[in-house]
Amino acid sequence: MSQAQAGSAASKLQSKVSRAGASTARLRAVSPALTDRIILSDCLDALASLPAESVDLVFADPPYNLQLTNPLTRPDQSAVDAVDDDWDKFASFADYDRFTRAWLQGVRRVMKPNATLFVIGSYHNIFRVGSTLQDLGFWILNDVVWLKANPMPNFRGRRFTNAHETMIWASRDPDAKGYTFNYEALKGANDDTQMRSDWYMPICSGGERLKDANGDKLHPTQKPEALLTRVILSASKPGDVVLDPFFGSGTTGAVARRYGRTCVGIERDPGYAKAAAARIAAVVPAGVDTLDVLATKRSEPRLAFATLLESGAVAPGQALFDSRRRVKASVRADGLIQVSNIAGSIHKVGALVQGLPSCNGWTYWHVEEAGELKPIDVLRERARAGMRDGG
């Protein structure tokens, strides 16, 4: 992508996006150094040039160090197009470990405190990468298994078919708080079932696979867009900066552009970079009205019952009821509620009158409005909406 195209794409990303439950707001501005672009460079040099703490999400597909020593053939002796490129070759495990440590250090420097990293690999390298991650202070959140619907067979018949790859999802620090995980959206898109850590998807093939002038695979390890779509929609928000230090054929950039994220890719091969740029330029971004992220309860402003009293949403002496009007409480001027001689928080009193160890007072207690009982959680949501709207 040319700088002019990148600038145009970045400007389009600054259009309005409304968050779920929030008023329409402009996407936050990002550093001019981090608008959509491909950096043609060795990844270590490029990482050193990026601003510190500037990236929201990293997807890394590093060399796997497959250690192929002999040509791979099918039973009919035809050659298998395996990964035998120089960029995947290292003199020793020690060399590979030094390289891994160096690029992970570079990535960690540019990650924001609440940023996360996905790194993918096979049995050849992922355990070494995971060990280095932990040595450097990253905190592993999950390992995700990509189960391949159509894996390449094991042609020699001496091992199990390699039908999966592993992704490690990690935060920058052990005590990281506020990292993005779009739990509600993932659950809703998964038929209201929690998204699991085993993802069943086909490998990249067909029309999605980039080809060279001879009709051969342009890049031997091109990842499917479905995989990057789930990564990006899981752990980023519209307008976030996504970094891919091993950009290859540009799958991360294509998906990021489609879903309103800003992508920075690092690639040292001019041929791959050129193909990736053309691929990304052809992507039609999703409409901004489709990019809302469903808010979770955890992401909402934390409000105490006293806030409702202070704002006038409830008044001292106002009656609260359970859903069947069997229990009646009175709001006190100090923000507690009282039933007979029992006074305390909405949660404590709700638990005591039911003889239970705990209670969610927001859903147990109700107020009467126009002759109808409504949970006091309705009042809390109104207060939150007023805060978001500046009212």
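Residues numbered from 1 in each chain as written. Predicted model: local features only at pLDDT ≥ 70, side-chain atom pairs only at ≥ 80, totals over all residues. Heavy atoms only, no water.

Caption draft 1: Examining the pattern of salt bridges more closely. Taken as a whole, this structure holds 17 salt bridges when the rule is applied. Among the ionic pairs, arginine 172 bridges to aspartate 173, the shortest N-O distance being 2.8 Å. Overall, arginine 172 belongs to the buried group, its relative accessible area being 14%. Residue aspartate 173 is classed as buried on the basis of its relative accessible area of 15%. For the salt bridge of lysine 374 with glutamate 369, the shortest nitrogen-to-oxygen distance reads 3.4 Å. A relative accessible area of 26% means that lysine 374 is categorised as partly exposed. (Salt bridge = Lys/Arg side-chain N within 4 Å of Asp/Glu carboxyl O. Buried < 20%, exposed > 50% of the residue type's maximum accessible area, 1.4 Å probe, protein only.)

Caption draft 2: Quick peek at the environment of aspartate 56. For aspartate 56, the location among the structural elements is in strand S4 (residues 55-60). Taking the relative accessible area as the measure of exposure, aspartate 56 reaches 10% and is therefore buried. The spatial distance from the C-alpha of aspartate 56 to the C-alpha of glycine 239 is 9.6 Å, given a sequence separation of 183 residues. At 2.8 Å, the side chain of aspartate 56 and the backbone nitrogen of valine 241 are in polar contact. (Helix = DSSP H or I, 4+ residues; strand = E, 2+ residues; numbered from the N terminus. Polar contact = N/O pair within 3.5 Å; in protein donor to acceptor, adjacent residues only side chain to side chain.)

Caption draft 3: The packing of aromatic side chains, seen in detail. The full count for this structure, using the stated rule, is eight aromatic pairs. Ring centres of phenylalanine 181 and tyrosine 183 lie 6.3 Å apart, and the angle between their planes is 50°; this geometry places the pair in the tilted category. The interplanar angle of 80° and the centroid separation of 4.8 Å between the aromatic rings of tyrosine 364 and tryptophan 365 together place this pair among those described as edge-to-face. Each member of the pair, tyrosine 364 as well as tryptophan 365, carries the same accessibility label: buried. (Phe/Tyr/Trp six-rings, centres within 6.5 Å; stacked < 30°, edge-to-face > 60°.)

Caption draft 4: Spatial organisation of the sheet that holds strand S8 (residues 198-201). Reading across the sheet, the eight strands line up as S3-S10-S9-S4-S5-S7-S6-S8 and stay open at both edges, with mixed pairing between neighbours. A strand with exactly one partner marks an edge of an open sheet, and here the two such strands are strand S3 (37-40) and S8. On average, each strand axis in the sheet is tilted by 20° relative to the strand beside it, whichever way the strands run. Pairing of S4 with strand S9 (residues 241-244) involves two bridges; the strand directions are parallel. Its bridge partner being in S9, valine 58 is matched across the sheet by leucine 243. The strands touched by helix H7 (residues 251-258) within the sheet are S4, S9 and strand S10 (262-267), with S10 carrying the most contacts at an inclination of about 170°. (Pairing = 2+ DSSP bridges. Axes fitted to C-alpha atoms, helices over the stretch in contact; angles between N-to-C directions. Contact = heavy atoms within 4.5 Å.)

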